[in-house]
Amino acid sequence: MEVKTKAIVLQTIKYGDSQLIVDFFTEKLGRLSFMVRIPKSSKGKLKRQLFQPLMLLLLEFDYRPKINLQRLKEASVEFAFSDLPFSPYKLAISMFRAELLSYATRNEQAQKSLYSFLEESLIWLDGAKGQYANFHIVFMIRLTFFLGFSPNIEGGEDADYFDLVDGCFVPHVPTHVHYLNKADSLRLVSLLRLDYKTMHLYTMSRMDRNRCVEVILEYFKLHVPGFPELKSLSVLKELFA
C-alpha cells in the first residue's frame, strides 16, 4: 500500500556505513521503524541530516504491515525550524522530548490528535522568544492525556495526597510509596491548569522544577511498561537553573 504521510523523527541509529534505522511517529499509521539507505553520492535524495531527532518530514513509502522495518522511498522537510536547532536551551528540551517520546509512544497506533499535539508543540517551541523554562513540564503533563493515563484532579482541592499508581487524589496515605505529599499534590493541580501561553506565569525555583520533572517521570514509569531512566535528563537539569 502506497502511503504519503507527515512524520516526526524520534530516534536514529547508525547501521553499517550507509544505512540508518529510524523510528518515526507518523500521522497516518502511528509508530513505524524504517531501514534507510543513505546514498554515498551527494546527489542522492535521502540526506543523513533529514533524520535528526524531531525533524518534521513528509514521507512516501510502500507500507507492508507484516515487516518490522519499512523501506523509505522519499523524504522531505515538512516544516523548517528557524531557531530550535541553534538554541542550546531549545535543543536540550528537544533531545529530552525525543528520548521521552521514543519510549512513551513505542506501541502507539495512528492517533491524529496526538500527532497534531506533537507537531504544534514543536512549532510553538521553535517560535518562542523566551519564557519557556516550564515547557517540558507542561508538555509531559499534556502528553499523558493522549496516552490514556492523565491525572484525575477531581477532589484535588480537598484531598491531601496524589496517588501516582491510581492517578487520582486520595484523603489518606496510600499503602505503597508512589504518592505525592500535600505540597507536591497542590503543585500538580496548578500545573494541570497551565498551557504554553500561561506557563510563564507560574514561577518555580530550579529545585522545584527538577522535582516536578522527577515526579512526572516517575508517573510515566508507573504507567508505561519498560520506561527507563532518560539519559538526556541531566543536561536539561543543568541548563534550566
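Residues numbered from 1 in each chain as written. Predicted model: local features only at pLDDT ≥ 70, side-chain atom pairs only at ≥ 80, totals over all residues. Heavy atoms only, no water.

J.: Just checking my understanding: could you explain helix α5 (residues 206–223) for this structure?
T.: For an α-helix the count is 3.6 residues per turn, leaving residues at separations of three or four pointing the same way. Compared with an ideal rise of 1.5 Å per residue, which puts 18 residues at 26 Å, α5 spans 26 Å between its outermost C-alpha atoms and is within 8% of the ideal. On the buried face of α5, the contacting elements are α1 (88–104), α3 (135–147), β6 (161–163), β8 (179–180), α4 (182–191) and α6 (233–239). (Helix = DSSP H or I, 4+ residues; strand = E, 2+ residues; numbered from the N terminus. Expected span 1.5 Å × (residues − 1). Contact = heavy atoms within 4.5 Å.)

J.: Can you walk me through the packing of α1 against helix α2 (residues 112–127) in this structure?
T.: The description of two helices packed together rests on the angle between their axes and the distance between the axes. Axis separation between α1 and α2 bottoms out at 11 Å; the angle between their running directions is 165°. In terms of their interaxial angle, α1 and α2 are classed as roughly antiparallel. Considering the relative orientation of α1 and α2, their crossing is right-handed. Contacts between α1 and α2 pair Lys90, Ile93, Ser94, Arg97 and Leu101 from the former with Leu118, Ser121, Leu122, Leu125, Asp126 and Gly127 from the latter. (Axes fitted to C-alpha atoms, helices over the stretch in contact; angles between N-to-C directions. Parallel < 35°, antiparallel > 145°, perpendicular 65-115°, else oblique. Left-handed = near helix turned anticlockwise from the far one by under 90°.)

J.: Even after reading the chapter, I still don't get the pattern of salt bridges, so can you show me in this structure?
T.: When the charged atoms of two side chains with opposite charge come close together, those side chains can pair. A full pass over the atoms with the stated rule returns 10 salt bridges. Among the salt bridges present, the one from Arg31 reaches Asp23, with a minimum N-O distance of 3.7 Å. With respect to burial, Arg31 and Asp23 carry one shared label: buried. Linked through salt bridges whose partners overlap, the residues forming this network are Asp184, Arg187, Asp208 and Arg211. (Salt bridge = Lys/Arg side-chain N within 4 Å of Asp/Glu carboxyl O. Buried < 20%, exposed > 50% of the residue type's maximum accessible area, 1.4 Å probe, protein only.)

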